[in-house]
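Each chain is listed here by its residues.
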Amino acid sequence: MLTRKQYELLMFIHERIRESGVPPSFDEMKDALDLKSKSGIHRLITALEERGFLRRMEKRARALEVTRLPDNMAETARPATTRSQSQRIMPSARHGRSEARDSRHAAPRRAMGDSENAVNVPLVGRIAAGTPIEALQNRIADVPVPSGMVGRGEHYALEVTGDSMINAGILDGDTVIIQEASSANTGEIVVALVDDNEATLKRLRRRGDSIALEAANPAYETRLYGADRVKVQGKLVGLIRRY
């Protein structure tokens, strides 16, 4: 049997993944359940793992998977909530920024999922549109996108963090669609892996034997690297945003 808090957390994670394709952060879970610290969230997640409702993948940010939901009322300490009730524990109901950020993801994916012309693209993690922060992660979820947005070859999706590409129309919280590629023309926006460690979304410029990763925000400087330090991981072909 699940406790009320265990049930609320499980349904919150389930709703967030279903809406946006990305599990919530620990801060969002803490706020949603009105807990004072993230240690309580860790205990709830551990309990849900032990009961077979959640699976947590180590060393991956936000890597939570709902493996099953309660089969019947007897497995929970409270009746199942309706959709409108479950939305009350979403952080977006109380925090303006969370609402704005989350809203960029959900609606387009639901609408495209209903379309016969939609295709699924794997969401593999987060990408920094700013100072490089992390390398690409493994598959988290599938993102349905219009078939016309993708061409030949393999594609993947990334959630954007940061604001260094705002003048290129790429905002914090957007989901970008990337076509896998190991090379790109100068001037193209690419996913670049620097020193085999940090990934960033930038406009690539070739300068002799060097590669410049150029921001689209004057607040950020262009970073120049030796060509051997930068590996192109893909090229931007599309973007998803919900208003």
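Preceding this section is the structure that the text describes.
In this report, we go over the structure that sits alongside the text. (Residues numbered from 1 in each chain as written. Predicted model: local features only at pLDDT ≥ 70, side-chain atom pairs only at ≥ 80, totals over all residues. Heavy atoms only, no water.)

1. Considering the overall build of the protein chain
Step number 1: Assigned secondary structure in the protein chain consists of six helices and 11 strands.
Step number 2: When contacts within the protein chain are restricted to residue pairs at least 6 apart in sequence, long-range pairs at least 24 apart make up 63% of them.
Step number 3: Element-wise, carbon and sulfur atoms account for 46% of the exposed surface of the protein chain, whose accessible area totals about 12200 Å². (Helix = DSSP H or I, 4+ residues; strand = E, 2+ residues; numbered from the N terminus. Contact = heavy atoms within 4.5 Å. Areas by Shrake-Rupley, 256 points an atom, 1.4 Å probe, with all protein chains shown as cover.)

2. Some details on helix 3 (residues 38-50)
Step number 1: The end-to-end C-alpha separation of helix 3 is 19 Å, in line with the 18 Å expected for 13 residues at 1.5 Å each.
Step number 2: Within helix 3 the residues assigned to the buried category are G40, I41, L44, I45, A47 and L48. Along the axis of helix 3, the buried residues cluster in a sector spanning 160 degrees; they form a single face. For helix 3, the exposed residues lying more than 90 degrees away from the buried face are R43 and E50. (Expected span 1.5 Å × (residues − 1). Buried < 20%, exposed > 50% of the residue type's maximum accessible area, 1.4 Å probe, protein only. Arc of directions from axis to C-beta.)

3. Re the nonpolar core
Step number 1: Counting 17 residues, the largest nonpolar core has L9, M29, I45 and L48 as its most contacted members.
Step number 2: Ranked by residue count, the leading element in this core is helix 1 (residues 4-20), at six residues.
Step number 3: Excluding residues within four positions of it along the chain, L48 makes contact with L2, Q6, L9, L10, F53 and L54.
Step number 4: Core analysis: the next-biggest nonpolar cluster, separate from the first, contains 16 residues, I127, L158, V176 and L193 among them. (Core = buried A, V, L, I, M, F, W, Y, C linked by side-chain atoms within 4.5 Å.)

4. Describing the pairing of strand 9 (residues 210-214)
Step number 1: Within strand 9, four of the five residues are buried, which leaves the element mostly enclosed by the surrounding structure.
Step number 2: Between strand 8 (residues 198-207) and strand 9, which pair antiparallel one after the other, the connecting turn spans two residues, and G208 there sits at a positive phi close to 65 degrees.
Step number 3: Relative to strand 10 (residues 223-226), strand 9 is paired through four bridges, and the arrangement is antiparallel. Each bridged residue has a counterpart across the sheet, and for A212 the counterpart in strand 10 is L224. (Pairing = 2+ DSSP bridges.)

5. Focus: the environment of R205
Step number 1: Among the structural elements, R205 can be located in strand 8.
Step number 2: The exposure class assigned to R205 is partly exposed, which follows from its relative accessible area of 29%.
Step number 3: Spatially, the C-alpha atoms of R205 and N185 are 8.0 Å apart, while their sequence positions differ by 20 residues.
Step number 4: When sequence neighbours within four positions are dropped, the list of residues in contact with R205 reads T186, G187, S210, I211, A212 and E214.
Step number 5: Separated by 3.4 Å, the side chains of R205 and E214 make a polar contact. (Polar contact = N/O pair within 3.5 Å; in protein donor to acceptor, adjacent residues only side chain to side chain.)

6. Looking at the environment of L204
Step number 1: Within the secondary structure, L204 is located in strand 8.
Step number 2: When the C-alpha positions of L204 and G187 are compared, they lie 5.4 Å apart, and in sequence the two are 17 residues distant.
Step number 3: Sequence-distant contacts of L204, that is, excluding residues within four places in its chain, are made with A184, N185, T186, G187, E188, V190, I211, A212 and V232.

7. With respect to helix 1
Step number 1: Relative to the 24 Å expected for 17 residues at 1.5 Å per residue, helix 1 spans 24 Å between its end C-alpha atoms, a close match to the ideal helical length.
Step number 2: Of all the 17 residues making up helix 1, 12 are buried; the element is thus mostly covered by neighbouring parts of the structure.
Step number 3: Here helix 1 has its buried residues at Q6, Y7, E8, L9, L10, M11, F12, I13, E15, R16, E19 and S20.
Step number 4: In the segment just after helix 1, G21 is the residue with positive phi, at about 85 degrees.

Shape descriptors only; they carry no functional weight alone.
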